[in-house]
Number of protein chains: 2
Amino acid sequence: MTYCVGLKLNAGLVLLSDTRTNAGLDNISCYRKMFIFEEPGERSLVIMTAGSLSVTQTTLARLEEAIEDEMADETTSIMKAPNMLRVATIIGDTLTRTRREIADQCRDLKQQASASMIVAGQRRGGDMRMFLIYPEGNFIEATDDTPFLQIGEHKYGKPILDRVVTPDTSLSDAQKAVLLSMDSTLRSNLSVGMPLDLAVMEKDACRVTTRRRIQEGDPDFMEMSAAWSAALRDSFTKVTL
Amino acid sequence: MTYCVGLKLNAGLVLLSDTRTNAGLDNISCYRKMFIFEEPGERSLVIMTAGSLSVTQTTLARLEEAIEDEMADETTSIMKAPNMLRVATIIGDTLTRTRREIADQCRDLKQQASASMIVAGQRRGGDMRMFLIYPEGNFIEATDDTPFLQIGEHKYGKPILDRVVTPDTSLSDAQKAVLLSMDSTLRSNLSVGMPLDLAVMEKDACRVTTRRRIQEGDPDFMEMSAAWSAALRDSFTKVTL
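Below: a short report on this structure. Model, not experiment: these values are computed from the prediction.

Our focus in this paragraph is the overall build of chain A. Each helix and strand counted, chain A has five helices and twelve strands in total. Relative to its length of 241 residues, chain A is compact, with a C-alpha radius of gyration of 18 Å against a globular reference of 18 Å. Each of the three principal axes of chain A carries a C-alpha extent, and together these read 65 × 50 × 30 Å. Residues classed as buried in chain A amount to 54% of the 241 residues present. Residue pairs in contact within chain A that sit at least 24 positions apart in sequence constitute 62% of those at least 6 positions apart. Side-chain charges in chain A split into 28 positive and 34 negative, and the spacing between the mean points of these groups amounts to 3 Å.

See below:
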């Protein structure tokens, strides 16, 4: 499995993904699931992926191919698209076409291959937007009422987001929130694993302003994780029934 | 869906279930999912159920029928079984027989009907034990390494259990832990709903020593839930990244 989470806040976009991929329990690998496309100051896009690696890699390869294609226009290249809605549409179309082709190939084995994605970004002069793209190519958008989107193993890490994230959350608190949401998921589900990829896009910067790979044993992450566990246990003793 | 959780601690057994049953989103009902069978001081059993209501109700009816049957012996009545292992076996056999019959009936509609159960209890002179019984009738037991078992919508409420529950947890803290675990689930998943049923069996009492139905709007539960949210948010501000 996978866990990716994105927050769309008044101050910017905050995105976090894990890197564990598994084909069965005895075939575990590390693959990046966060992909950044940008022309700094003009346009910045972050795509996160969950699901069958063959589907997500092929989809990404096709998106990249279209970006490099000199014949590509605003209907086929996510770096030429006039707005984020068009970006989401191009990704959705590419994802569903790829998914269908691979599903056809897998049919004889009665295996399934599917994937979903989150795309977040901004083009200069446009709004920051974030979309969750379903395997069928349709999508939903983060709003003020629900400022976060998750793909993959999303349940363990949802309670903390439900409690602390609002559109007014600061970028610093938002990074804490996604890392604690990931921490709960890492503790409870083996199929989600370190290292982690974190990206922050400040509003209107149109570039990734913070980008960090957090390795297994990262002292800051371990300290935060231990402090959170201690704080939770402390809170637990204080709450009375 | 459903959420039921049981803890097996050195001090006793603590069990909590919700009561929401739904057949689609527009057909929501309230059904008890916790069933107590006891001869106080001699034997006490608590069964919690998740899954298709037709399977769980029929299984429970058959277990009750066997208890009332004068011809029943230690291989068919959970109130005559010599130990908890035999109790789990009888429930498993009854559950899987019922599930198969109902699955056969549903085959034409291509509908599925399945269920799982938790049974916890003690017979005088024996050990406290707790089992999770799968739809196929096989089962696993709570141990010191993993002193809790969950059925139904278990993911949202697992992080808090992972962090605070050990075999040495007191019965008072254990009640807090299961209620906070339920609280996280209620907040994140609409298919789990109030009221709640709570049961505690102190070690060697061989009876349910605390039994409580917690209604929607219960002031103690609301206060605990609000205090926990406040404590979490407070912890969140204190943890630094």
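Now for the sheet that holds strand β12 (residues 210-214) of chain B. All names here are of chain B. Overall, antiparallel pairing links the five strands, which are arranged β10-β1-β2-β11-β12 in an open sheet. Because the sheet does not close on itself, it has two edges, and the strands there are β10 (148-152) and β12. Between one strand axis and the next, the sheet turns by 10 degrees as a mean value, whatever way the strands run. Inspection of the sheet shows strand β1 (residues 3-9) paired to strand β2 (residues 12-17) by six bridges, in the antiparallel sense. Pairing of Leu9 across the sheet is with Gly12, part of β2. Lying over the sheet, helix α4 (residues 171-188) contacts β1, β2, β11 (196-202) and β12, oriented at roughly 20 degrees with respect to β2.

Another aspect to go through is the pattern of salt bridges. In the structure shown here, the tally under the stated rule is 28 salt bridges over all chains. Note that A:Lys158 is salt-bridged to A:Asp162, the shortest N-O span being 3.2 Å. Of this pair, A:Lys158 and A:Asp162 are both found in helix α3 (residues 158-164), four residues apart, which corresponds to roughly one turn of the helix. With relative accessibility at 17%, the residue A:Lys158 sits in the buried group. The residue B:Arg213 makes a salt bridge to B:Asp197 at a minimum N-O spacing of 2.9 Å. Remark: B:Asp197 occurs in strand β11 and B:Arg213 occurs in strand β12; sequence separation between them is 16 residues. You can call B:Arg213 partly exposed: its relative accessible area is 32%.

Let us look at the relation of the copies chain A and chain B. When chain A is fitted to chain B, the best match, at an RMSD of 0.0 Å, comes from turning it 180 degrees and sliding it 0.0 Å along the axis. Both copies of the chain, as the preceding transformation shows, are related through a two-fold rotation axis. Proximity to the rotation axis, assessed at the C-alpha, singles out A:Tyr156 in chain A; its C-alpha lies 2.5 Å from the axis. Comparing interface residues between copies, 100% of those in chain A also lie at the interface in chain B; the contact surface is shared.

Attention now moves to the pairing of β11(B). Residues and elements named next belong to chain B. Of all the seven residues making up β11, six are buried; the element is thus mostly covered by neighbouring parts of the structure. Relative to β12, β11 is paired through five bridges, and the arrangement is antiparallel. Along β12, the bridge assignment pairs Asp197 with Arg213.

All names here are of chain B. The interhelical angle for the contact between α4 and helix α5 (residues 219-238), taken along N-to-C directions, is 80 degrees, at an axis separation of 11 Å. Judged on the interaxial angle alone, α5 and α4 are roughly perpendicular. From α4, Lys176, Leu179, Leu180, Asp183, Leu186 and Arg187 reach across to α5, where they touch Phe221, Met224, Ser225, Trp228 and Ser229.

Moving on to the interface of chain A and chain B. Each side of the interface is counted separately: chain A has 33 residues, and chain B has 33 residues. For the chain A and chain B pair, buried surface summed over both sides reaches about 3300 Å², with 65% attributable to carbon and sulfur atoms. On the chain A side of the interface with chain B, the three residues burying the most area are A:Arg163, A:Phe236 and A:Leu241, jointly 28% of the side's total. Summed over the shared surface of chain A and chain B, the result is four salt bridges. Between B:Arg163 and A:Asp183 there is a salt bridge, and its shortest N-O distance comes to 2.9 Å. Our enumeration of links across chain A and chain B arrives at 13 residue pairs in polar contact (both at pLDDT 80 or more).

All told, the structure shown has two aromatic pairs over all chains when counted by the stated rule. Plain terms: the ring middles of A:Phe131 and A:Phe139 are 5.3 Å apart, the flat faces sit at 75 degrees to each other, and that makes the pair edge-to-face. For the cation-ring pair, B:Lys176 lies above A:Phe236, with the distance from its terminal atom to the ring centre recorded as 4.6 Å.

Conventions and cut-offs
- Residues numbered from 1 in each chain as written.
- Chains lettered and ligands numbered in written order.
- Predicted model: local features only at pLDDT ≥ 70, side-chain atom pairs only at ≥ 80, totals over all residues.
- Heavy atoms only, no water.
- Helix = DSSP H or I, 4+ residues; strand = E, 2+ residues; numbered from the N terminus.
- Rg over C-alpha atoms; globule rule 2.2 N^0.38 Å.
- Buried < 20%, exposed > 50% of the residue type's maximum accessible area, 1.4 Å probe, protein only.
- Contact = heavy atoms within 4.5 Å.
- Lys, Arg positive; Asp, Glu negative; His and termini not counted.
- Charge placed at Lys NZ, Arg CZ, Asp CG, Glu CD.
- Pairing = 2+ DSSP bridges.
- Axes fitted to C-alpha atoms, helices over the stretch in contact; angles between N-to-C directions.
- Salt bridge = Lys/Arg side-chain N within 4 Å of Asp/Glu carboxyl O.
- Least-squares fit on C-alpha atoms with pLDDT ≥ 70 in both.
- Parallel < 35°, antiparallel > 145°, perpendicular 65-115°, else oblique.
- Buried area = accessible area lost by both parts, 1.4 Å probe.
- Polar contact = N/O pair within 3.5 Å; in protein donor to acceptor, adjacent residues only side chain to side chain.
- Phe/Tyr/Trp six-rings, centres within 6.5 Å; stacked < 30°, edge-to-face > 60°.
- Lys NZ or Arg CZ within 6 Å of the ring centre and 35° of its normal.

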